[in-house]
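Residue-level structural notes
Spelled out, the chains give:
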Amino acid sequence: MRPMPLTVRDLLAIPSLRLRLVSGSTGLGRVVEAAHATENTRPASWLEGAEVVMTSGLLLSADETDCAAYVEDLRGGKAAALIVGVGPGLPLQTVPTALSRHAEQAGLPLLTAPPNVSFASITKAVFVARASEERRLLERTLRTQRRLSSAAASSDGLTGLLSSWFQAMNSGVAVCDPSGRLLGSAGADGQELLTNAAPVIDTVALHGLRGSGGADLPCGRLVVQPLGTTRLRGFLVLLDADSPEARLLISVLVSLLSVELERRHLADEPQRRRRAAILARLFHTDITADQARALLRTADVPSSTVRAVAVQAAGEPVELAADLALAVPGGLARVTGDTVEMVVSEELDTSAVLRRFAPGRPAGIGPAVAPQHAALSLRQAISLLSSSAELGRPVSASEAGSVRLLLSLGSPATLAAFADTVLAPLDAADPGGELTETLRVWLETNGSWAETSALLGLHRHTVQNRIEKVARLTGRQQDRAEDRVDLWLALTARAVGTPLPHQQKYRNGVSPQG
């Protein structure tokens, strides 16, 4: 049962206070958090919201404009109600008609208190009611906490824990592993809940165990919490967990689920060892095609083409291997020294997996090969680790032979100096870049006058004149292979440009951002 907060209606029903409703009955359901006595005619700046404002009316005016301004100020301060003391010995004998009318229009409950009921007694009544409410909330929370703890310790495990949460909180819940696969749910379609929460989960994942997030969606208010004790093991997604009791118990649920996922992680260790043994057999150089395909079927990797991946994991290779094994279909991962080695299907978005589960780690991605050649792909993946460490990003075999990759490994200052040395005469003579652009297209078309003319929309003679001018300015001749290579390398070095901050060298196996 949800907690029942104190409302204006409840306050009005306390017999000892003898309060009387004058106007604003539509606001009787407003929650009362506190009581505040003031004679200030502009009290909003002193309010935090949900207060009952009490006044003897000493400074209140019966003027229409003043009453309207006073009620508007109370509404701006999110006051729950206004109580005016009236009767013998008090400034007001009755409530001004204008004040009552504007309170009614604003839906602000306007109550009167008799002269022998002090504002202190009203404040005390609010305090006692709030204390009773909080005590009941605490009692309910403790009972629910015991139910959740019992469910977590039972043989039902995750299923029992999620069911107990939904029964107690009427809040839909789902749990997924770090890669977003549904592990369990209650009170809602778990897969649909995860789909709706996917953008929030992606954001929370960037911060690991330190993150949390939420979003207001058509399906309701979603809350996402990371799960795990020392490493990220999954995510908790809650739907409409906005009651006071639910807010108090979310941390309890997170703790219990984290322990449950850690237990599952330990229980999966034999399975990870079995997959590592399969991978070791797959990497044998004398394995046949039939044997390799049989091993992949055993690991539920149906792909006919695979690639190897190597990831440096200084300090925590075993944990990283477990994370990656969970993230890739088949879970084929093993640790060799300080390197995690994997085999994945060609269709897998390997770069996305590495960004999610191995950020800041040098990684090489081998070429796609037939399963029996996985060892060859692994050798190439390992050979790319040094390039990845230099560039600050995973490097794949498909780009390993690129001159751009080799240039990007060089010092930005050295590359810039080389490019400027070769191309500076063009920069000075041709600020608009026409000569440079013509040179670039001409080199990319392997010196074809006709193709360059067509691509640039220029007459063939114009192209020839520009290339001859380039030769005069730079001292590099168009018919010498070495000179053409110099010009092409200079243009390519400029295209590579200065690395972004996240492309700086790794230090100790992690990126500059940690």
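Residues numbered from 1 in each chain as written. Predicted model: local features only at pLDDT ≥ 70, side-chain atom pairs only at ≥ 80, totals over all residues. Heavy atoms only, no water.

So, on to the sheet that holds strand 14 (residues 363–365). The strand order across the open sheet built from 5 strands is 12-13-11-14-15, with neighbouring strands paired in mixed fashion. Strands with a single pairing partner mark the edges of an open sheet, and in this sheet they are strand 12 (333–336) and strand 15 (395–396). In this structure, strand 11 (residues 306–312) lies alongside strand 14, joined through 3 bridges in antiparallel fashion. Opposite Val309, over in strand 14, you have Ile365 as the bridge partner. Relative to strand 12, helix 8 (residues 269–282) is tilted by about 75°, and along the sheet it contacts strand 12 and strand 13 (339–345). On the sheet, helix 12 (residues 374–383) packs against strand 11, strand 12, strand 13 and strand 14 and is oriented at approximately 35° with respect to strand 11. (Pairing = 2+ DSSP bridges. Helix = DSSP H or I, 4+ residues; strand = E, 2+ residues; numbered from the N terminus. Contact = heavy atoms within 4.5 Å. Axes fitted to C-alpha atoms, helices over the stretch in contact; angles between N-to-C directions.)

All right, on to the packing of helix 2 (residues 64–76) against helix 3 (residues 97–106) then. Running from N to C, helix 2 and helix 3 cross one another at 40°; their axes reach a closest spacing of 9 Å. As helix 2 packs across helix 3, the resulting crossing turns out to be right-handed. Together, Glu64, Cys67, Ala68, Tyr70, Val71 and Arg75 of helix 2 and Ala98, Leu99, Arg101, His102, Ala103 and Ala106 of helix 3 make up the contact between the two elements. Here the residues of the contact of helix 2 with helix 3 are counted per class, giving 8 nonpolar, 1 polar and 3 charged. (Left-handed = near helix turned anticlockwise from the far one by under 90°. Nonpolar A, V, L, I, M, F, W, Y, C, P; charged D, E, K, R; others polar.)

Attention now moves to the side chain of Arg233. For Arg233, the location among the structural elements is in the loop between strand 9 (220–227) and strand 10 (234–239). Judged by relative accessible area, which is 8%, Arg233 ranks as buried. A polar contact of 3.5 Å, which involves the side chain of Arg233, links it to the side chain of His265. Other than its neighbours up to four places away in sequence, Arg233 contacts Cys176, Asp177, Pro178, Leu227, Gly228, Leu261, Glu262, His265, Glu319 and Asp323. (Buried < 20%, exposed > 50% of the residue type's maximum accessible area, 1.4 Å probe, protein only. Polar contact = N/O pair within 3.5 Å; in protein donor to acceptor, adjacent residues only side chain to side chain.)

Taking 1.5 Å of rise per residue, the 35 residues of helix 4 (residues 119–153) would be expected to cover 51 Å, and the 51 Å separating its terminal C-alpha atoms lies within 8% of that figure. For helix 4, the set of buried residues is Ile122, Ala125, Val126, Arg130, Ser132, Glu133, Leu137, Arg140, Thr141, Thr144, Leu148 and Ala151. (Expected span 1.5 Å × (residues − 1).)

Moving on, we come to the nonpolar core. With 24 residues, the main nonpolar core has Trp165, Val175, Leu236, Leu238 and Leu257 as its most contacted residues. Listing elements by their share of this core, those giving two or more residues are helix 5 (158–169), strand 6 (172–176), strand 9, strand 10 and helix 7 (244–267). Looking at this core, the element that brings in the most residues is helix 7, giving 9 residues. What Leu236 contacts, discounting residues up to four positions off in sequence, is Val173, Ala174, Val175, Val223, Val224, Gln225, Leu227, Leu253, Val254 and Leu257. Counting residues in hydrophobic clusters, the runner-up holds 20 residues, among them Met342, Val353, Leu354 and Phe357. (Core = buried A, V, L, I, M, F, W, Y, C linked by side-chain atoms within 4.5 Å.)

Time to look at the pattern of salt bridges. Applying the stated criterion across every chain, the model contains 25 salt bridges. Measuring nitrogen to oxygen at the nearest pair gives 3.5 Å for the salt bridge that ties Arg221 to Asp216. Residue Glu269 is joined to Arg273 by a salt bridge in which the shortest nitrogen-to-oxygen separation is 3.6 Å. Placement of the pair is Glu269 and Arg273 together in helix 8, with a separation of 4 residues, close to one helical turn. Since its relative accessible area comes to 28%, Glu269 is described here as partly exposed. (Salt bridge = Lys/Arg side-chain N within 4 Å of Asp/Glu carboxyl O.)

This brings us to helix 18 (residues 449–456). Residues lying three or four places apart along an α-helix face the same way, a consequence of the helix completing one turn every 3.6 residues. Along helix 18, the residues that are buried comprise Trp449, Thr452 and Ser453. Down the axis of helix 18, the smallest arc covering the buried residues is 100°, so these residues share one side. When the buried face of helix 18 is taken as reference, the exposed residues oriented beyond 90 degrees from it are Ala454 and Leu455. Buried residues along helix 18 sit against helix 17 (434–444) and helix 19 (460–474). The backbone nitrogen of Glu451 has a side-chain oxygen 3.1 Å away, supplied by the residue at the start of helix 18, namely Ser448. Phi turns positive one or two residues past the end of helix 18, at Gly457, with a value near 70°. (Arc of directions from axis to C-beta.)

Turning next to the side chain of Thr474. In this fold, Thr474 is placed in helix 19. For Thr474, the side chain forms a polar contact with the main-chain oxygen of Val470, separated by 2.7 Å. Within the structure, the side chain of Thr474 is placed 3.2 Å from the backbone nitrogen of Arg476, a separation counted as a polar contact. In contact with Thr474, other than residues within four places in its own chain, are Val422, Leu426 and Leu487.

Our next topic: the sheet that holds strand 1 (residues 20–23). Sheet architecture is open: 5 strands sit in the order 1-5-4-3-2, paired in mixed fashion. Pairing within the sheet leaves two strands with one partner each, and these edge strands are strand 1 and strand 2 (34–37). On average, each strand axis in the sheet is inclined to that of its neighbour by 30°, with strand direction left out of account. Two strands pair when backbone bridges link them, and strand 2 and strand 3 (residues 51–55) are joined in this way by 4 bridges, in the parallel orientation. Looking at strand 3, one finds that Ala35 is bridged to Val52.

Another point: unusual backbone geometry. Phi at Arg18 is positive, roughly 50°, even though this residue is not glycine. Relative to the assigned elements, Arg18 resides in the loop between helix 1 (8–12) and strand 1. Classification of Arg18 by relative accessible area gives partly exposed; the value is 46%. Located in the positive-phi region is Asn170, a residue other than glycine, with phi close to 55°.

Limitation: the analysis is restricted to geometry and does not speak to function.
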